[in-house]
Amino acid sequence: MPTASLSRWTMSYFAAALAFLLAAEALAVAGIGYPAAGLAEPATLVVVHLMAIGWLSLAMAGALLQFVPVLVSRPLAFPALALPALLSLVTGLLLLCGGFAVLAGWINAPLDLLPLAAAGLLVGFALIGLMLGATLFNVRPVTLFSRFILLGLACLAATVLSGAAFAALLAGRGGWLGAVALLPDGLPFHALLGFGGWLGLIAFGVSYKLFVMFMMAPEPPARRVLPVMLLAGLGLALASGGLVAPFAGFEPGTALVVAALGLLVLASGFYGRDMLALYRGRRRKALEINMLGSLPAFAALGLGIVLLPAAVAGGATDGLIAALVFLLALGWLGGLTLAQLVKIVSFMTWLETYAPRLGRGPAPRVGDLVAMPRTGWWFLSYYAGVAGGGAALAAGGATGFRWAMLFCLAGTAGIVAELARVRRLSEIKAADRPVAQERPRMLLARIDQRSPSHVDSRRIASPRA
Ligand code: HEM
């Protein structure tokens, strides 16, 4: 059975992503961005993109570089592009925040930082798309799982291209657009394709595969999963239509946003049904921290995705809409990502360290690398902050929001510390740790072709995992 090797740079993607999450949370605690500033103000744009690109997109890209090859049982195409992609994305994001800082009057620099940032982000995401797309197309016919990823990558392309156009407009270099009014009407579609398509749809697709393995549950038949992809695909196609409508002289109204969101609600309903069936049909009865830590994320998805279209259609206040987007971004996407990171980091660390030693001495279980129940307490702090933050936004309480974000920050900092301990094997007895030079490095997976630390789906589903 062909296998996939450990992704060398995935840990670095995760480290950069977590650093950007901590930065965004610290800014929110300091009262930077919404609700202290307006929704469309540059300060808010900084926090939104540190979250959307810095945290969620880098974590997603790092995870996909490791799991796409495993799930299609092909080696990653063009693996040497992983580091240049990471550097381009980080540079692009810092330049984007720099451009927003110029708009906010915090720094004095040319506004051309914005299109420059867009170029860096375009290159970075294009390299990610190339590596993943080429790997997925190496398998024929293209599997249903691959279609989720490919559709998500198409949404990423639309998000980045629209973001680049926005950046050019804000820098006063939108002449090429002529009379086409992309802003502000294009904003909800840009956000929908980024959060709903690139991040949301891929989270759906990947969780179908990973949760089957993590919970040792029966895989749902493709005919059951297909409606999720088709309904979401239709909703995201409508959102893409909203982005290009101004080029055809049409003004995409709120109705199009609501229709796109409505289809995503239906897709989420079918997805929720399947996740419940997986949970009920699981053979591994005891839930590990990654699954326990995902339960509040599912609650956030349920609440956020059902109420958001109603709030938009009903002309709800900015505060209520911001609260629901916050719940979906930090509760669902952020919570799910943090929870699965604990499993992915501990699993990759176990593979790197103990897989080569199996049968030659004691090897701990993957779960033994994680400090419990302490890690659970950090998740409790994080989710308490998300719940409090959502309530504060809905009530328009700027001070309450800052306090709530302090809980998110404390929880995240605690989880980051636990992940560093996992990489250092701190929970493992000294006698069961390998010698220092054979221990995993913090940010770089050790790729040793001779050792059997290859990843294949049987290993992920093994009782030791
Ligand atoms: C996952 C990816 C992304 C998501 C989820 C996302 C989300 C958002 C959201 C929610 C807003 C509106 C914020 C507000 O009004 O408070 C926004 C605005 C903006 N985004 Fe993004 N974005 C993403 C990627 C990008 C990229 C890659 C670029 C640049 C290349 C970009 C450039 C912009 C610009 C310039 C605006 C400001 C438009 C304005 O208000 O005038 N975004 N984005």
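This text goes with the structure placed above it.
Quick notes on the rules
Residues numbered from 1 in each chain as written. Predicted model: local features only at pLDDT ≥ 70, side-chain atom pairs only at ≥ 80, totals over all residues. Heavy atoms only, no water. Helix = DSSP H or I, 4+ residues; strand = E, 2+ residues; numbered from the N terminus. Expected span 1.5 Å × (residues − 1). Patch = residues over 30% accessible without salt bridge, like charges linked within 9 Å, V, L, I, M, F, W, Y side chains within 5 Å. Areas by Shrake-Rupley, 256 points an atom, 1.4 Å probe, with all protein chains shown as cover. Salt bridge = Lys/Arg side-chain N within 4 Å of Asp/Glu carboxyl O. Donors = N, O, S within 2.8 Å, 3.2 Å for Na, K, Ca; no water. Tetrahedral: all angles 85-135°; square planar, octahedral: opposite > 155°, others 65-115°. Buried < 20%, exposed > 50% of the residue type's maximum accessible area, 1.4 Å probe, protein only.

1. Quick look at helix α5 (residues 144-170)
With 27 residues, α5 ought to run about 39 Å at 1.5 Å a step, and its terminal C-alpha atoms sit 39 Å apart, in line with that. A positive phi of about 75° marks G172, the residue just after α5.

2. Observations concerning a nonpolar patch on the surface
A cluster of nonpolar side chains, L303, V306 and L307, forms an exposed patch at the surface whose accessible area comes to about 260 Å². With respect to the helices and strands, L303 occurs in helix α10 (residues 295-313).

3. Examining the coordination of the iron atom of the ligand
Surrounding the iron atom of the ligand are the protein donor atoms H49 (NE2) and H190 (NE2), which sit 2.1 Å from the metal. Of note is the iron atom of the ligand, whose six donor atoms meet at the metal with angles of 84 to 180° in an arrangement that counts as octahedral. Here H49 is found in helix α2 (residues 42-72), whereas its partner H190 is found in helix α6 (residues 187-214), with 141 residues between them in sequence. The burial state of H49 is the same as that of H190; both residues are buried.

4. A word on unusual backbone geometry
Put simply, Y34 and P35 share a cis peptide bond, and its omega is 5°. Within the secondary structure layout, P35 lies in the loop between α1 (10-29) and α2. Following R140, the chain continues into P141 via a peptide bond in cis, with omega recorded as -10°. Turning to its location among the elements, P141 is positioned in the loop between α4 (113-136) and α5. The backbone of M216 shows a phi angle near 50°, a positive value even though the residue is not glycine. Within the secondary structure, M216 sits in the loop between α6 and α7 (222-244). The phi dihedral of L425 falls on the positive side, at around 55°, and the residue is not glycine. Here L425 lies in the loop between α13 (398-423) and α14 (457-460). Residue L425 is classed as buried on the basis of its relative accessible area of 1%.

Coordinates in, geometry out; function isn't part of it.
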